[in-house]
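Reading the structure
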Amino acid sequence: MGAQIAAHLINANIETLLFELSAESGNPDANVLKAIGKLKKQEPAPLSVIGRANFIEPANYEQHLEKLGDCDLVIEAIAEQLELKSELYEKIAPYLNNQAILVSNTSGLPINQLATAVPEALRSRFCGVHFFNPPRYMYLVELIPSEYSDQSALDMLESFLVTSLGKGVVRAKDTPNFLANRVGVFSMLAAMHHARQFGLEFDLVDKLTGTLIGRPKSATFRTADLVGLDVLMHVVQTMRYGLEKDPWHLYYALPDWLQRLVDQGALGQKSSKGIYQKQGKDIHVLHPDTDTYQLAQSEVDGEVEALLKQKDPVARFAALHDHPHPQAQFLWAIHRDLFHYCAVHLESIAHNARDLDLAIRWGFGWQRGPFELWQAAGWNTVTDWIEADSAAGKAMAKTPLPAWVRAVGQGAVPGVHSPKGSYAPVTDSLQPRSQLPVYRRQPFPDRLVGEEVVYGETILETDALRMWHTGDRIAIVSFKTKKHTIDNLVLQGMQQVIAEAERHFHALVIWQTEPPFSLGANLQKATEKPKVEAPQTPPAPPSTFDQFVRKFKKSAQSTILQAARSLDMADRLMAGKLAEVEMMIAHFQQISQQLRYSIIPTVAAVDNMALGGGCEFVMHCDRAVATMETYIGLVEAGVGLLPAGGGCKEFALRAARNAVDGDPFLYLKHYFQTVAMAQLAKSAEHAKALYYLKPADVIVMNRLELLHVAKAQALALAEAGYRPPLRPREIVVAGATGAATIKSNMVNLLEGGFISEHDYLIGSKIAHVMCGGDIVAGSRVDEEWLLKLERAAFIELLATEKTQDRIAHTLKTGKPLRN
């Protein structure tokens with residue numbers, strides 16, 4: 001964990017030392033060098049790019065303690081043993097400067113007890129900072145003060161964690177397992193308890209408690225395997241021995257089967273055997289009564305699945321509560337226990353209901369926190385059900401709900417969350433969000449059920465997009481299509497947006513109210529006509545500039561599937577409407593060019609996925625501002641096509657500009673590989689290495705600060721007297737010679753069986769376009785020449801039977817076809 005935290009710090013450009021025990025023999029740094037080496041091989045990757053590992057400075061406790069004097073922040077992440085931590089604090093304290101902050105990454109040891117082991121002069125600068133694993137990807141960090149912690153140091157540390165490391169910070173109380181693990185692990189234990197009560201198999205429980213109820217696919221038992229059964233057991237034991245008077249203490253007793261697995265060394269994913277085990281190509285699951293594994297093939301009851309898919313949470317929970325099927329009753333029971341538990345313990349484990357809900361969303365990946373679910377399902381109705389079950393002896397805990405539960409149900413917004421804030425039991429009031437200055441950079445924080453959000457004032461709106469502003473001269477456009485795909489309506493709307501922005505605003509930002517940025521082109525609606533509301537009167541210039549914003553990584557297989565879905569052209573192919581598709585491509589290219597040559601600066605604010613046409617929009621904006629966890633790529637080759645929204649043209653243009661000796665081929669061959677292999681960037685920094693992002697593009701760590709930074713970049717460009725780039729009149733291309741060189745390399749791959757004949761055709765078309773067509777090497781062309789080549793090659797590939805087969809197969813199976 002310490003090494004992964006170091007990796008995330010170095011991702012954020014923070015100079016970092018990583019300490020390890022000295023090796024018993026040989027190089028004293030052997031242990032720490034081994035830990036750094038592992039970072040390069042781990043999945044999911046802790047490093048934004050592998051080369052980042054070289055910037056981590058190795059250190060050991062025997063030779064390098066004096067280097068701690070230059071450190072502003074020291075993070076302890078050693079074994080979860082109080083004595084070991086105390087010894088370490090005593091050892092390093094003399095070397096720390098008088099401004100340094102010392103924090104422990106403990107996941108559950110009492111912070112006040114650890115603080116007493118810290119020298120008195122350092123106690124005010126000591127607290128708990130609990131990163132969740134893996135620290136690069138998990139948004140939550142718990143900040144746990146001790147009774148000695150200095151408030152100003154905590155505020156400074158929180159600001160650092162939010163902006164510099166891109167984290168969502170929740171201040172937790174010093175109770176066993178703090179906040180997220182306390183509630184999240186209880187929910188797992190409740191599921192385990194009721195699984196036995198209702199006689200449900202483990203794999204069935206996972207199907208019931210995963211995506212069907214808004215939780216990660218790993219659900220309950222798979223999550224236990226991923227975390228490590230030994231780690232889970234340690235967390236549960238902390239609750240068992242530290243919460244002896246808890247009304248749900250019986251849930252903290254470890255199941256016999258779990259103890260047996262740990263004793264056998266079957267610890268889950270890290271030992272390739274745990275609750276689940278892969279046998280050949282099949283997944284088997286433990287049967288706890290016999291300690292044997294059986295094929296995981298349980299299915300959710302059809303009626304239960306149907307009611308879980310109801311969009312109205314009130315109707316969904318009512319159906320769960322009333323349905324007699326054991327699977328429905330199991331789901332009601334685990335939610336009832338969770339709601340009851342959170343209500344009873346809220347005052348002792350969290351400062352307010354918002355902190356609890358966000359901790360579970362950010363730390364466990366739930367779409368909604370426990371109180372949000374309760375409130376959305378009908379606060380007072382669910383309260384009645386909980387009390388009725390308790391009175392009837394259906395619930396284990398006999399502790400009544402706190403009086404405040406009924407009180408908050410009488411408000412204008414029944415529940416714990418409202419536009420005024422979230423309920424805080426200690427003060428018996430609604431507590432607003434933090435007023436720390438760092439949160440002014442987040443104009444649109446993650447919204448809770450019961451909170452209101454208004455995305456500025458509308459300028460114009462169509463069925464496909466909305467153009468708006470927040471009181472200044474920066475226009476913002478957000479797409480309304482599913483996954484923010486780009487169809488004909490989006491393109492027509494963008495044409496109007498750019499024209500309106502050029503008339504009345506200083507800059508234009510493309511920002512989506514929720515991820516992804518865009519999964520690319522959708523050609524299904526190529527001929528639909530838009531409905532447009534008339535533009536409203538532009539706003540008056542503000543006196544000040546307002547500050548403003550919003551798991552995960554996709555596999556290559558998933559990327560190809562998304563590419564096929566975003567293109568979604570099967571019906572048009574069958575109807576023989578290639579001409580309509582070509583018209584849309586021309587329109588797409590036109591909008592890309594307008595983004596490039598607009599008289600005002602254009603900025604793409606990119607988060608999560610930007611595929612295909614979405615990537616091409618990004619490439620044509622004057623500036624991109626991307627979150628670190630941005631996965632961007634021209635993935636069309638994966639379904640038998642090539643980028644035709646200006647992507648191939650753009651790489652040809654960049655190669656010509658980069659060519660020092662006038663020969664663009666040196667650069668072009670790298671660009672070709674990126675496009676032909678449908679390479680997906682694994683981070684924003686990787687996107688720069690693949691040339692999807694430009695060197696001047698900006699990377700932000702916190703997704704909620706994205707809009708704030710994008711607007712600042714747009715304003716800076718405008719204030720600098722922005723003028724659009726000059727249109728290149730002469731683009732030097734590699735010509736037929738360059739294309740022939742690329743094709744000769746592909747012939748070797750074809751003859752070696754590494755690519756198919758259709759792969760060769762796709763690559764040849766890409767090379768043909770990027771090299772400028774069948775002309776002499778060194779010839780000079782303009783952008784329209786390259787765009788015309790793009791259109792022609794795209795349609796030619798689209799018309800082939802094998803490309804159509806690839807698209808159809810991927811849409812049907814979710815897997816790529818190599819034909």
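Presented here is an overview of the structure given in this document. (Residues numbered from 1 in each chain as written. Predicted model: local features only at pLDDT ≥ 70, side-chain atom pairs only at ≥ 80, totals over all residues. Heavy atoms only, no water.)

Some points on the packing of aromatic side chains
As enumerated under the stated definition, the model contains 28 aromatic pairs in all. On the numbers, 4.0 Å between centres and 10° between planes, the contact of W374 with W379 is stacked. With respect to class, W374 is no different from W379; both count as buried. Here the aromatic cluster, defined as three or more aromatic residues joined through ring pairs, consists of F317, F339, F371, W374, W379, W404 and Y423. One cation-aromatic arrangement involves R215 over W366; the distance from NZ or CZ to the ring centre is 3.8 Å. The aromatic ring of Y597 is capped on one face by R727, whose charged end is 4.1 Å from the ring centroid. (Phe/Tyr/Trp six-rings, centres within 6.5 Å; stacked < 30°, edge-to-face > 60°. Buried < 20%, exposed > 50% of the residue type's maximum accessible area, 1.4 Å probe, protein only. Lys NZ or Arg CZ within 6 Å of the ring centre and 35° of its normal.)

Description of the side chain of T602
Position of T602 among the secondary structure elements: in strand β18 (residues 602–611). A polar atom in the side chain of T602 sits 2.9 Å from the backbone oxygen of L595. Not counting chain neighbours up to four residues away, the residues in contact with T602 comprise L508, L595, H620, C621, D622 and R623. (Helix = DSSP H or I, 4+ residues; strand = E, 2+ residues; numbered from the N terminus. Polar contact = N/O pair within 3.5 Å; in protein donor to acceptor, adjacent residues only side chain to side chain. Contact = heavy atoms within 4.5 Å.)

Side note on the packing of helix α6 (residues 180–198) against helix α14 (residues 353–364)
Contact geometry for α6 and α14: axes closest at 9 Å, N-to-C directions at 70°. Accordingly, the angle class assigned to the pair α6 and α14 is roughly perpendicular. Contacts between α6 and α14 involve A180, N181, V183, G184 and V185 from the first element and L356, A359, I360 and F364 from the second. Of the residues that constitute the contact of α6 with α14, the class distribution is 7 nonpolar, 2 polar and no charged. (Axes fitted to C-alpha atoms, helices over the stretch in contact; angles between N-to-C directions. Parallel < 35°, antiparallel > 145°, perpendicular 65-115°, else oblique. Nonpolar A, V, L, I, M, F, W, Y, C, P; charged D, E, K, R; others polar.)

Regarding the pattern of salt bridges
The final tally for this structure, using the stated rule, is 35 salt bridges. Here E62 makes a salt bridge to K91, at a shortest N to O gap of 3.9 Å. Here the residue E62 occupies a position in the loop between β2 (57–60) and β3 (73–76), and K91 occupies one in helix α3 (residues 82–92), the gap between them amounting to 29 residues. Here E80 ties to K85 by a salt bridge, and the two come within 3.2 Å at their closest N and O atoms. Using a relative accessible area of 25% as the deciding quantity, one classes E80 as partly exposed. (Salt bridge = Lys/Arg side-chain N within 4 Å of Asp/Glu carboxyl O.)

A short note on helix α24 (residues 665–676)
The terminal C-alpha atoms of α24 lie 15 Å apart, and with 12 residues this matches the ideal 16 Å at 1.5 Å per residue to within 8%. Regarding α24, the residues found buried are F665, L668, Y671, F672, T674 and V675. The buried residues of α24 occupy an angular sector of 165° when the element is viewed end-on, so they sit on one face. Turning to α24, the residues buried within the fold contact α23 (647–658), α27 (735–751) and α28 (757–770). (Expected span 1.5 Å × (residues − 1). Arc of directions from axis to C-beta.)

Examining unusual backbone geometry
Note that the residue after E43, namely P44, is joined by a cis bond; omega there is 0°. Among the secondary structure elements, P44 is positioned in the loop between α2 (30–39) and β2. In the segment running from N133 into P134, the intervening peptide bond is cis, with an omega of 0°. If you trace the backbone, P134 turns up in the loop between β5 (126–131) and β6 (140–145). Although it is not a glycine, D291 adopts a positive phi angle of roughly 55°.

Some thoughts on the pairing of strand β1 (residues 17–20)
The sheet contact formed by β1 and β2 spans 4 bridges and is parallel. Bridge pairing links F19 to A59 in β2. Note that the unit made of β1, α2 and β2 has a crossover that is right-handed. (Pairing = 2+ DSSP bridges. Right-handed = clockwise from strand over helix to strand, strands pointing away.)

Remarks on the state of the cysteines
Tallied over the entire structure, the rule returns 0 disulfides. Free cysteine: C621, not disulfide-bonded; nearest cysteine sulfur from C615 at 11 Å. For C621, a relative accessible area of 1% gives the class buried. Free of any disulfide, C648 has its nearest neighbouring cysteine sulfur in C771, separated by 11 Å. (Disulfide = S-S within 2.5 Å.)

Description of the sheet that holds strand β4 (residues 101–104)
One open sheet accounts for 5 strands, arranged β3-β4-β5-β6-β7; its pairing is mixed. Each edge of the open sheet carries a strand with a single partner, namely β3 and β7 (168–171). Sheet twist, expressed as the average angle between the axes of neighbouring strands with direction ignored, equals 30°. One ladder, built from 3 bridges, connects β4 with β5; its direction is parallel.

What about the pairing of β7?
In β7, alternate side chains face the same way, and those of G168 and V170 on one face and V169 and R171 on the other are all buried. Alignment of β6 against β7, held across 4 bridges, turns out to be parallel. Considered in β7, the bridge of L140 is made with G168. Following the chain from β6 across helix α5 (residues 151–164) to the adjacent parallel β7, one finds a crossover that is right-handed.

Some thoughts on the sheet that holds strand β11 (residues 417–418)
Remark on secondary structure: sheet strands pair via backbone hydrogen bonds, oriented parallel or antiparallel. What the 3 strands build is an open sheet, ordered β11-β12-β13; its pairing is antiparallel. Edge strands, defined here as strands with exactly one partner in the open sheet, are β11 and β13 (429–431). One ladder, built from 2 bridges, connects β11 with strand β12 (residues 421–424); its direction is antiparallel. Bridge pairing in β12 places H417 opposite S422.

Concerning the environment of I599
Position of I599 relative to the elements: it lies in the loop between α21 (578–597) and β18. Taking relative accessible area as the criterion, I599 reaches 46% and is therefore assigned partly exposed. Distance in space between the C-alpha atoms of I599 and A720 is 13 Å, their sequence separation being 121 residues. Excluding residues within four positions of it along the chain, I599 makes contact with E502, Y722 and P724.

Focus: the environment of Y423
Secondary-structure assignment places Y423 in strand β12. Judged by its relative accessible area of 6%, Y423 is buried. Separated by 15 residues in sequence, Y423 and V408 place their C-alpha atoms 8.1 Å apart. A polar side-chain atom of Y423 sits 2.6 Å from a polar atom in the side chain of D428.

Side note on the nonpolar core
Soluble globular proteins tend to bury their nonpolar side chains together. Counting 115 residues, the largest nonpolar core has I275, F371, W374 and W404 as its most contacted members. Considering each element in turn, this core owes the most residues, 12 residues, to helix α13 (residues 326–349). If we skip the residues at most four places from it in the chain, W374 touches F339, A343, W379, V382, T383, I386, L401 and V405. In this structure, L595, I600, M770 and F794 belong to the second largest nonpolar core, which totals 92 residues. (Core = buried A, V, L, I, M, F, W, Y, C linked by side-chain atoms within 4.5 Å.)

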